[in-house]
Amino acid sequence: MKFFIDTANLSEIQEATDLGVLDGVTTNPSLMAKEGISGHENILNHYRTICEIVDGPISAEVISTDYEGIIKEGEELAEIHPNIVVKVPMIKDGIKAIKYFSEKGIRTNCTLVFSAGQALLAAKAGATYVSPFIGRLDDISVDGLELIQQIRLIFDNYGYETEILAASVRHPMHIIKCAEIGSDVMTGPLSAITALLKHPLTDIGLEKFLADYKKVNG
């Protein structure tokens, strides 16, 4: 399973890269705003900087919700760097735009997916990735992981090449369960990724090894 980090924070992206397990980055307007990045050129330059840090897919989201606007923004984003993936919302004009981008060889990430039907439409339109938001479904007492299972079954049934990108991942067990189900990618905060490192028995074992070494070697 590929690991993407969901952030626009350059320090977090660099830390995840240094860890040696990062495959890509996902961003959105909210994450950009959180870092205080505003203005068209500043946003484009920020994407360029991310592409310099990470050699992998970088999802850059369009703001427009109409077909012509999505196409215009998406083509501009795609020109930034070969690693850019145009992130398009799951709406009618978004699906139409994904079909257009697919025919032009521009990779896409269909975002804000909350049902298997939406994922199926995105796959049929030729989306490179489909992003079910499992954490947000959990927030309203709907099993987000069950949605991943449904999409996996449907895509496998018909041989869709669209990759399942589990989004809105909140904690390490989300990651483990997504890996068990067969999600192609997960994207979440750095904290969820680094939490996979931790186990109390690892800490206890290391402490004992070091204490035993110190006894013998002073």
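Look above for the structure.
Quick look at the structure, then. (Residues numbered from 1 in each chain as written. Predicted model: local features only at pLDDT ≥ 70, side-chain atom pairs only at ≥ 80, totals over all residues. Heavy atoms only, no water.)

Structural notes on the overall build of the protein chain
From N to C terminus, the protein chain includes eleven helices and eight strands. Taking all 218 residues of the protein chain together, the buried fraction comes to 45%. Of all intrachain contacts in the protein chain linking residues separated by at least 6 positions in sequence, the fraction that spans at least 24 positions is 57%. Mean positive and mean negative side-chain charge positions of the protein chain (19 and 30 charges, respectively) differ by 2 Å. (Helix = DSSP H or I, 4+ residues; strand = E, 2+ residues; numbered from the N terminus. Buried < 20%, exposed > 50% of the residue type's maximum accessible area, 1.4 Å probe, protein only. Contact = heavy atoms within 4.5 Å. Lys, Arg positive; Asp, Glu negative; His and termini not counted. Charge placed at Lys NZ, Arg CZ, Asp CG, Glu CD.)

Thoughts on the packing of aromatic side chains
Working definition: an aromatic ring pair is given by the centre-to-centre distance plus the angle between the planes. Tallying each qualifying case throughout the model produces five aromatic pairs. Each ring, one from Phe155 and one from Tyr160, has its centre 5.7 Å from the other, and the planes form 65°; the classification is edge-to-face. Site record: aromatic cluster; members linked through ring pairs are Phe155, Tyr158 and Tyr160. It is Lys96 that lies over the ring of Tyr67; its NZ or CZ is 5.2 Å from the centre. (Phe/Tyr/Trp six-rings, centres within 6.5 Å; stacked < 30°, edge-to-face > 60°. Lys NZ or Arg CZ within 6 Å of the ring centre and 35° of its normal.)

Observations concerning the layout of surface pockets
Reported here for the largest pocket is a volume of approximately 540 Å³. Along the wall of the largest pocket there are 30 residues; nearest its centre are Asp6, Asn28, Leu31, Arg136 and Ser168. When residues in the lining of the largest pocket are grouped by element, the largest group, four residues, is from helix α2 (residues 29-34). Across the lining of the largest pocket, the residue classes break down as ten nonpolar, twelve polar and eight charged. In this structure, the second largest pocket occupies an estimated 250 Å³ of space. As for the second largest pocket, its lining consists of 16 residues, and the residues nearest its centre are His40, Ile43, Glu61, Ile63 and Glu73. Contributing elements (two or more residues each) for the lining of the second largest pocket: α2, α3 (40-53) and α4 (67-78). If you tally residues by element for the lining of the second largest pocket, the top one is α4, at five residues. Residue composition of the lining of the second largest pocket, by class: nine nonpolar, three polar and four charged. (1 Å grid on protein atoms, 1.4 Å probe; cavity = no way out; pocket = protein on both sides within 12 Å on 5 of 7 lines; lining within 4 Å. Points joined across faces, edges and corners; volume = space filled by probe spheres on them. Nonpolar A, V, L, I, M, F, W, Y, C, P; charged D, E, K, R; others polar.)

Quick notes on unusual backbone geometry
You will see that Leu112, though not glycine, has its phi angle at about 60°, which is positive. Relative to the assigned elements, Leu112 resides in strand β5 (residues 108-113). Here Ser168, not a glycine, exhibits a phi torsion of approximately 60°, which is positive. Along the polypeptide, Ser168 turns up in the loop between β7 (163-166) and α9 (172-181).

Brief notes about the sheet that holds strand β1 (residues 2-6)
Strand order in the closed barrel formed by eight strands is β1-β2-β3-β4-β5-β6-β7-β8, with parallel pairing between adjacent strands. Direction aside, neighbouring strands of the sheet carry axes that sit 30° apart on average. Pairing of strand β6 (residues 129-132) with β7 involves two bridges; the strand directions are parallel. Within β7, the position partnered with Tyr129 by the bridge is Glu163. With respect to the sheet, helix α8 (residues 144-158) is in contact with β5, β6 and β7, its orientation differing from that of β7 by roughly 175°. (Pairing = 2+ DSSP bridges. Axes fitted to C-alpha atoms, helices over the stretch in contact; angles between N-to-C directions.)

So, the state of the cysteines
Going through the model one piece at a time under the given rule, you end up with zero disulfides. Of all cysteine sulfurs, the one in Cys178 lies closest to Cys110, which takes part in no disulfide; the gap is 17 Å. (Disulfide = S-S within 2.5 Å.)

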